[in-house]
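A look at the structure
The residues making up each chain are set out below.
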Amino acid sequence: MQYVNVWRRVAAATGRADRGAAEAGVRLAYRSAGLAEPERIIWADSPKAAVEAVEKLVGAGRSVREEVRTRPWAQERRRMYDELGPAGWSSLWSATGAQLWETTAGLAERIRTGIVAELATRPEDEADIRLVLLDAVLGQHDAAWLAAFDGRGDRLTGLAEVARNAGWWWPYEHAVVISERPAVLHRDEAGRLDRGDGPALAYPDGFALYAWRGMPVPVEFLDGLAGLTADRIRAEENAELRRVMLEYYGYDRYLAESGAEPVHRDETGILWRIAMEGDEDVVMVEVVNSTPEPDGTHRTYWLRVPPRTRTAKEGVAWTFGLDGEVYAPVRQT
């Protein structure tokens, strides 16, 4: 669908919001819901700062998220479902929103978790913060479901306009709080937060999330990656952090510096096993590309395979979704 890539860019947009366009979208969303326009629009530099601003609001009235976001979405979904039928709606969703859902929903949940972690200084504060988060409209991170309705009516135009131009926002009877978009966003090829030398997600006020291949990590941990050694990796007690260290350091380098010995070799490659205390073994197959590089050398690759792997051939076969017994390549490339 033509709209998917547009909304994919919206979901990943960074940089300052277009405040004028976002505020116009808010007012349109209120009018479309049959509500009077909000008297005040308050900007915050991050969703975390927005939660703090909401907690300090006076005279804002009740949340109108139901009228502004939930009800129009449900009505439009019902209209499209009735128009297209079950199969047609399923096909539309598969071609649009489903393409964006996993990454945007996952990112939104990570942001919620980060906000709670920073603001809930006491255990009893967590419930109150989560209640405030329930009042949020996710702006750019509502891109998945907005993609499914783009070009199919104007009922959601106000919501879409805010999403294109700003981050999360909180609608109340008399006031709205809107967050800026992230200043920084780094993700891997799977769409997970990922950066080894700084925040993977950061907002203008400094609220940030740190992650490696989608796994949350402390900023202090990332600071220490540049000085990693094989001994430091072996000494790490946290199994998940040790995996991050190995990925960053490089399995081949770790094998060389830790004095590991191959456990099997055959015509397909060499099988290596790294025993990890408190965690499953790391098992790799070392294979050499049969096609030479421009300089005549042959590049070596390291393939991560399941811990149960017992032979190099079995490991290579697994990467192709085959059993070792049936893996018999006619020609290697």
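Look above for the structure.
This structure is a prediction, so every number in the text was calculated from the model and none was measured.

This next bit is on the overall build of the protein. Each helix and strand in the protein was counted, giving 13 helices and twelve strands. Taking 20 Å as the expected radius of gyration for a compact globule of 333 residues, we find that the protein reaches 25 Å, considerably beyond that expectation. Counting the 333 residues in the protein, one finds 45% classified as buried. For the protein, restricting intrachain contacts to residue pairs at least 6 apart in sequence, the fraction spanning at least 24 positions comes to 60%. Here the protein displays about 16900 Å² of accessible surface, and carbon together with sulfur accounts for 49% of that area. A distance of 4 Å separates the average location of the 41 positive side-chain charges in the protein from that of its 53 negative side-chain charges.

An order of β1-β3-β2 is seen for the three strands of this open sheet, with the pairing classed as mixed. Whereas interior strands pair on both sides, the edge strands pair on one side only; in this sheet they are β1 (40–44) and β2 (169–171). If you compare each strand with its neighbour and ignore which way they point, the axes differ by 15 degrees on average. As defined by bridge partners, β1 adjoins strand β3 (residues 175–179) across five bridges and the pair is classed as parallel. By the bridge assignment for β3, Ile42 is matched with Val177.

Right, let's talk about the nonpolar core for a bit. In terms of nonpolar packing, the biggest core is built from 34 residues, with Trp7, Val26, Leu159, Trp169 and Ile178 touching the most fellow members. Contributing elements (two or more residues each) for this core: α1 (2–11), α2 (19–32), β1, α4 (65–95), α7 (143–149), α8 (157–165) and β3. The element best represented in this core is α7, accounting for seven residues. By size, the runner-up hydrophobic cluster in this structure holds 32 residues, among which are Ala49, Ala60, Tyr172 and Val177.

Between its terminal C-alpha atoms α2 stretches 20 Å, which fits the 20 Å expected from 14 residues at 1.5 Å a residue. Turning to α2, its buried residues number three or more, namely Ala21, Ala22, Glu23, Gly25, Val26, Ala29 and Tyr30. On its buried face, α2 is in contact with β1, α4, α8, β2 and β3. Directly after α2, the chain includes Gly34, whose backbone phi takes a positive value near 80 degrees.

Parameters at a glance
- Residues numbered from 1 in each chain as written.
- Predicted model: local features only at pLDDT ≥ 70, side-chain atom pairs only at ≥ 80, totals over all residues.
- Heavy atoms only, no water.
- Helix = DSSP H or I, 4+ residues; strand = E, 2+ residues; numbered from the N terminus.
- Rg over C-alpha atoms; globule rule 2.2 N^0.38 Å.
- Buried < 20%, exposed > 50% of the residue type's maximum accessible area, 1.4 Å probe, protein only.
- Contact = heavy atoms within 4.5 Å.
- Areas by Shrake-Rupley, 256 points an atom, 1.4 Å probe, with all protein chains shown as cover.
- Lys, Arg positive; Asp, Glu negative; His and termini not counted.
- Charge placed at Lys NZ, Arg CZ, Asp CG, Glu CD.
- Pairing = 2+ DSSP bridges.
- Axes fitted to C-alpha atoms, helices over the stretch in contact; angles between N-to-C directions.
- Core = buried A, V, L, I, M, F, W, Y, C linked by side-chain atoms within 4.5 Å.
- Expected span 1.5 Å × (residues − 1).

These results come straight from atomic positions and should not be treated as a statement about function.
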